[in-house]
Amino acid sequence: MIIFYRIQSDSPNVRKVSIMLQETGLPHRVHTVAKRDGERVDDDLLRVSPNGTVPAIVDQETGATLFESGAILYYLATKSNRLIPADLAARGEVMKWVMFEAANMGPAMSELYHYLLSDAADEAIMGRYRRKLAQFCAILDRQLAGRDYLCGDCSIADIAIFPWSAIIEFMAEISLDDYPNLRAWVDVMNRRSAIGGEMRQGG
Ligand SMILES: N[C@@H](CCC(=O)N[C@@H](CS)C(=O)NCC(=O)O)C(=O)O
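The shown structure was predicted, so the numbers you read here are calculated from the model rather than taken from an experiment.

### Things to note about the packing of aromatic side chains
- Counted according to the given criterion, the structure contains four aromatic pairs.
- On the numbers, 5.4 Å between centres and 80 degrees between planes, the contact of Phe100 with Phe136 is edge-to-face. Residue Phe100 is found in helix H4 (residues 88-117), and its partner Phe136 is found in helix H5 (residues 123-143); the two are separated by 36 residues along the sequence.
- Among the residues examined, Phe100 registers a relative accessible area of 13% and is labelled buried.
- Sitting above the plane of the Tyr129 ring, Arg128 keeps its charged end 5.9 Å from the centroid.

Following this line, the structure appears as structure tokens:
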């Protein structure tokens, strides 16, 4: 059994793991982490996730304890032999895009979100993140030209990047009309049966 530490809301980082668990059908139990006065108060979570972040998982079968959504996606893909190619070069390609999200898109979206909620929102800083995100959209749009998915078949690269792409118009004042391949891919992802309502399905 996999214990899945998450918060109640469908944050994009948590959503990646929710979708992956639905895609793979791996048996799991949800542990919803509480906050009090804005602070995490869950000692269980801190044992698993030293940074105090969700998502995190414990796999009771193997003893693995993992935080960082990219590492969790890789682990669940390897465990289930799903959504990751066996071929080394193809696997490297998938991991390149997983790391692109973890190192670039995720942090930029998270920072922008922080400033959008902040009283001290600084237009210059927010503009910097919006420009970065527009650049990432252009990169993804080029990668998706002539492809249904980022790396051939659907993979953890798609699952890592989708939850951010699904909200980027709303958050970053970006129109996906400017990135038609990216918009078409968001539509393809939205039609997958594991996507949409996965948080309500106990994922
Ligand atoms: N790089 C991390 C980011 C995780 C992250 O920042 N998670 C947020 C929720 S989306 C969190 O737990 N933030 C700390 C907090 O809310 O106290 C990952 O990909 O898992």
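### Side note on the side chain of Arg130
- Tracing the chain through its elements places Arg130 in helix H5.
- Setting aside its immediate chain neighbours within four residues, Arg130 contacts Leu112, Leu116, Glu123, Ala172, Glu173 and Ile174.

### Description of helix H3 (residues 69-80)
- The terminal C-alpha atoms of H3, which comprises twelve residues, lie 16 Å apart, in line with the 16 Å expected from a rise of 1.5 Å per residue.
- Within the sequence span of H3, burial applies to Ser69, Gly70, Ile72, Leu73, Tyr75, Leu76, Ala77 and Ser80.
- Check the buried side of H3 and you find it contacts strand E1 (2-6), helix H1 (12-24), strand E5 (56-59), strand E6 (65-67), H4 and helix H6 (156-165).
- Phi turns positive one or two residues past the end of H3, at Asn81, with a value near 55 degrees.

### Concerning H6
- The element H6 is extensively covered by neighbouring structure, given that ten of its ten residues are classed as buried.
- All buried positions along H6 are accounted for by Ile156, Ala157, Asp158, Ile159, Ala160, Ile161, Phe162, Pro163, Trp164 and Ser165.
- In the core, the buried residues of H6 are packed alongside H1, H3, H4, H5, helix H7 (168-172) and helix H8 (180-190).

### Regarding the packing of H1 against H6
- H6 packs onto H1 with a crossing angle of 140 degrees between their chain directions and a minimal axis gap of 8 Å. Accordingly, the angle class assigned to the pair H1 and H6 is oblique. At the point where H1 passes H6, the crossing takes the right-handed sense. Only Ile156, Ile159, Ala160, Phe162, Pro163 and Trp164 of H6 make contact with H1, whose side of the interface consists of Pro12, Asn13, Arg15, Lys16, Ile19, Met20 and Glu23.
- Residues that form the contact of H1 with H6 fall into these classes: nine nonpolar, one polar and three charged.

### A look at the pattern of salt bridges
- Tallied over the entire structure, the rule returns eleven salt bridges.
- Among the ionic pairs, Lys16 bridges to Glu101, the shortest N-O distance being 3.0 Å. Within this pair, whereas Lys16 is found in helix H1, its partner Glu101 is found in helix H4, the two being separated by 85 residues in sequence.
- Given the relative accessible area of 1%, Lys16 is considered buried.
- Under the relative-accessibility criterion, Glu101 is labelled buried at 2%.
- Residues Glu23 and Arg192 are paired through a salt bridge, measuring 2.8 Å at the closest nitrogen-oxygen approach. With Glu23 in helix H1 and Arg192 in the segment after H8, this residue pair connects regions lying 169 residues apart in the sequence.
- Here the salt bridges share partners, and the residues they tie into one network are Glu23, Arg82 and Arg192.

Conventions and cut-offs
Residues numbered from 1 in each chain as written. Predicted model: local features only at pLDDT ≥ 70, side-chain atom pairs only at ≥ 80, totals over all residues. Heavy atoms only, no water. Phe/Tyr/Trp six-rings, centres within 6.5 Å; stacked < 30°, edge-to-face > 60°. Helix = DSSP H or I, 4+ residues; strand = E, 2+ residues; numbered from the N terminus. Buried < 20%, exposed > 50% of the residue type's maximum accessible area, 1.4 Å probe, protein only. Lys NZ or Arg CZ within 6 Å of the ring centre and 35° of its normal. Contact = heavy atoms within 4.5 Å. Expected span 1.5 Å × (residues − 1). Axes fitted to C-alpha atoms, helices over the stretch in contact; angles between N-to-C directions. Parallel < 35°, antiparallel > 145°, perpendicular 65-115°, else oblique. Left-handed = near helix turned anticlockwise from the far one by under 90°. Nonpolar A, V, L, I, M, F, W, Y, C, P; charged D, E, K, R; others polar. Salt bridge = Lys/Arg side-chain N within 4 Å of Asp/Glu carboxyl O.

These figures capture arrangement, not role.
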